[in-house]
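# Per-entry structural report
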Amino acid sequence: MSSPFMTPLKKQIPINNMADETAARRHTPFKNGILNAVFNFGVVATRPARRYFHAFIRSKFVISALSVLRSKSILVVAQKFTRNDKSRIGSYLREVFDPNLIRHINAAAVSGPCILSTTGLMGERYRANINDHISWQTFARGYFDLAPIALGLLFNECFPGKIVIDVGANVGTTSIPLAKVGITIIGIEASPGVASDLSFNVSLNSPIPYSVINLAVTSPEVAARQPFLNLYAPPGNFGASSLIEGWAGATTKNRKIELSRLTTLDQIVQFLKISGVSFIKMDIEGSEYDALLGSQEVISKEMPAVTFEWRPDVFAKAGGQKKSFLSLFPQSFKFFGVKASITGERCLEIRTELFNETSPYENVLAISDNQVRSSGRLRELIDSSRATVSF
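Residues numbered from 1 in each chain as written. Predicted model: local features only at pLDDT ≥ 70, side-chain atom pairs only at ≥ 80, totals over all residues. Heavy atoms only, no water.

## Some thoughts on the overall build of the protein
Selection rule: Helix and strand definitions here come from DSSP, where helices need a minimum of 4 consecutive H or I residues and strands a minimum of 2 consecutive E residues; each element is numbered from the N-terminal end. Exposure is judged per residue with a 1.4 Å probe applied to protein chains only, and the accessible area is read against the type maximum: over 50% gives exposed, under 20% gives buried, and values in between give partly exposed. Note on definitions: a residue-residue contact is assigned when non-hydrogen atoms from the two residues lie within 4.5 Å.
In terms of helices and strands, the protein carries 17 helices and 14 strands. Counting the 391 residues in the protein, one finds 49% classified as buried. Here the analysis covers contacts within the protein between residues at least 6 apart in sequence; of these, 67% occur between residues at least 24 apart.

## Section: the packing of aromatic side chains
How we decide: A pair of Phe, Tyr and Trp rings is counted when the ring centres sit within 6.5 Å of each other, with Trp represented by its six-membered ring. The angle between the planes then sorts it: under 30 degrees is stacked, over 60 is edge-to-face, the rest tilted. Only Lys NZ and Arg CZ are tested; either one counts as a charge over a ring when it is within 6 Å of the ring centre and within 35 degrees of the ring normal.
Going through the model one piece at a time under the given rule, you end up with 10 aromatic pairs. When the centroid spacing of 6.2 Å and the interplanar angle of 45° are considered together, the rings of F335 and F355 count as tilted. Of this pair, F335 sits in strand 11 (residues 333–344) while F355 sits in the loop between strand 12 (347–354) and strand 13 (361–368); the two residues are 20 residues apart in sequence, bridging distant segments of the chain. Both residues of the pair, F335 and F355, count as buried. Taken together, the ring pairs connect F308, W310, F329, F333, F335, F355 and Y361 into an aromatic cluster. Here the guanidinium or amino end of R127 rests over the ring plane of F200, the centre of that ring lying 3.9 Å away. Across the ring face of F228, the terminal group of R261 is positioned such that the distance to the ring centre comes to 5.2 Å.

## Brief notes about the pattern of salt bridges
Counted only if it meets this: What makes a salt bridge here is a side-chain nitrogen of Lys or Arg within 4 Å of a carboxyl oxygen of Asp or Glu, nothing more.
Under the criterion given, the structure shown has 11 salt bridges. Between D197 and R127 there is a salt bridge, with the nearest N and O atoms lying 3.3 Å from each other. On the criterion of sequence distance, the pair formed by D197 in helix 10 (residues 192–204) and R127 in strand 2 (residues 125–129) is long-range, its members being 70 residues apart. On the basis of relative accessibility, which here comes to 27%, the residue D197 falls in the partly exposed class.

## Overview of empty space enclosed by the protein
As a reminder of what qualifies: In this analysis, the protein atoms alone were mapped onto a 1 Å grid. Cavities are point sets where a 1.4 Å probe fits without being able to get out; pockets are open sets with protein on both sides within 12 Å along at least five of seven lines; lining residues have an atom within 4 Å of a point. Grid points are joined across faces, edges and corners, and a volume is the space filled by probe spheres set on the points. Following the grouping adopted for this structure description, the nonpolar residues are Ala, Val, Leu, Ile, Met, Phe, Trp, Tyr, Cys and Pro, the charged ones are Asp, Glu, Lys and Arg, and the polar ones are all others, Gly among them.
According to the stated counting rule, one finds two cavities of 30 Å³ or more in the structure shown. Of the voids in this model, the second largest cavity is the one considered here, and its volume is about 30 Å³. Around the second largest cavity, the lining residues are G152, F155, N156, F159, K162, I163, V164, I183 and S278. Elements that contribute at least two residues to the lining of the second largest cavity include exactly helix 8 (146–158) and strand 3 (163–167). Here the element with the most residues in the lining of the second largest cavity is helix 8; it accounts for three residues. The residue inventory of the lining of the second largest cavity, partitioned by class, reads five nonpolar, three polar and one charged.

## Regarding the layout of surface pockets
Considering only enclosed or pocket space, the largest pocket measures out at about 780 Å³ in volume. Taken together, 44 residues form the lining of the largest pocket, with G239, A240, D283, E285 and E309 sitting closest to its centre. Of all the secondary structure elements, the ones that give two or more residues to the lining of the largest pocket are helix 7 (133–141), strand 6 (216–217), strand 9 (277–282), strand 10 (305–310) and strand 13. By volume, the second largest pocket is sized at about 270 Å³. Contributing to the lining of the second largest pocket are 21 residues, with N129, G193, V194, D197 and F238 lying nearest its centre. Only strand 2, helix 10 and strand 8 (256–263) provide two or more residues apiece to the lining of the second largest pocket.

## A few points about the sheet that holds strand 11
What counts is decided by this rule: DSSP-based pairing: two strands are paired if at least 2 bridges between them are found. Axis angles are defined between N-to-C directions and span 0 to 180 degrees, where every axis is a line fitted to C-alpha atoms and, for a helix, only to the segment in contact.
The strand order across the open sheet built from nine strands is 5-4-3-9-10-13-11-12-14, with neighbouring strands paired in mixed fashion. Two strands bound the open sheet, and with one partner strand each, they are strand 5 (210–213) and strand 14 (386–390). For this sheet, the mean angle separating the axes of adjacent strands, direction not counted, is 25°. Taken together, the five bridges between strand 11 and strand 13 define a ladder with antiparallel strand orientation. In the strand pairing of strand 13, F335 is matched with A366.

## Let's talk about the packing of helix 4 (residues 72–82) against helix 7
Contact geometry of helix 4 with helix 7 gives a least axis separation of 8 Å together with a crossing angle of 65°. For the pair helix 4 and helix 7, contact is made by L75, V76, Q79 and T82 and by W136, F139, A140 and R141, respectively. Considering only residue class, the contact of helix 4 with helix 7 consists of five nonpolar, two polar and one charged.

The structure is reproduced here in structure tokens:
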């Protein structure tokens, strides 16, 4: 038996009784068209309300109130949501409980340490100060910045047995995961306090091939002129600590000032008598230019790939002049912006784009033609602008 109500969206629904006919009516194009129209009208009508709602839940009032409720027990519960990258609630909690946001509204709430144990992307263990931006993001997500981790894994796959140097190692969220898979790491951290936390995290994951060095790297000229410099650290984000007083975050009134011993990366490599460096990661908040000036020997001799932060916008606000890193590398080096993401279980995807000197980047990759020619995996990354690595 046929019926005018038997035309479903994808296939016919057989009608054997009144219940089946009722089900068929629910699948008619006419009915669905009305429902879609009503839904779309509702979406459009509620957009202003949703905008106001999103603005309210991110307002100073709400964030200030949440900062008071930000206890260890609440954050442990919140972690069940924040570890899910697809959860909107988790994304919101990662944002509003972030000390880097709270410090601008209620700096006192994140002024002291608040320690919790957590695990990272590769099962590595951390003692995390959740009143610090990098440690909080690692506690909340299991990682902080995927790009240098993915690059370290890729270069170890292409050049096994080589050394990775992490300049600005912080508490080890980039290099401890790499050491967990057997990569030899030299971790350099300028802050005495953060270097102590890094050493503790390394000990939590021992035995791993990791050496911690508590020094700040700069140019030969600066290191010869003065053996120490002030390191300015804002509350809630020790990862923004900088030797440049006016750097982003370092001008906060509740900032912490530490004294850092200066040297050059070339001097560290010479002292340790190491060779076979395949990859250097630099994230030292505006001091990359001077650090690269002090790395000329290791770069020209080893020709390692280097990734660094490029923030001409922040440097200009800090009262300095934009300094191009390009001239500090041999002519065979090319430059790319780099991002990475988790694409599957224990799989990371690396994406590259051509470097634009006027744009800011969290990670810029400088890589030599020699490295690219010697590895099909690196040619894949450069030619197709993407590559995947497993861990």
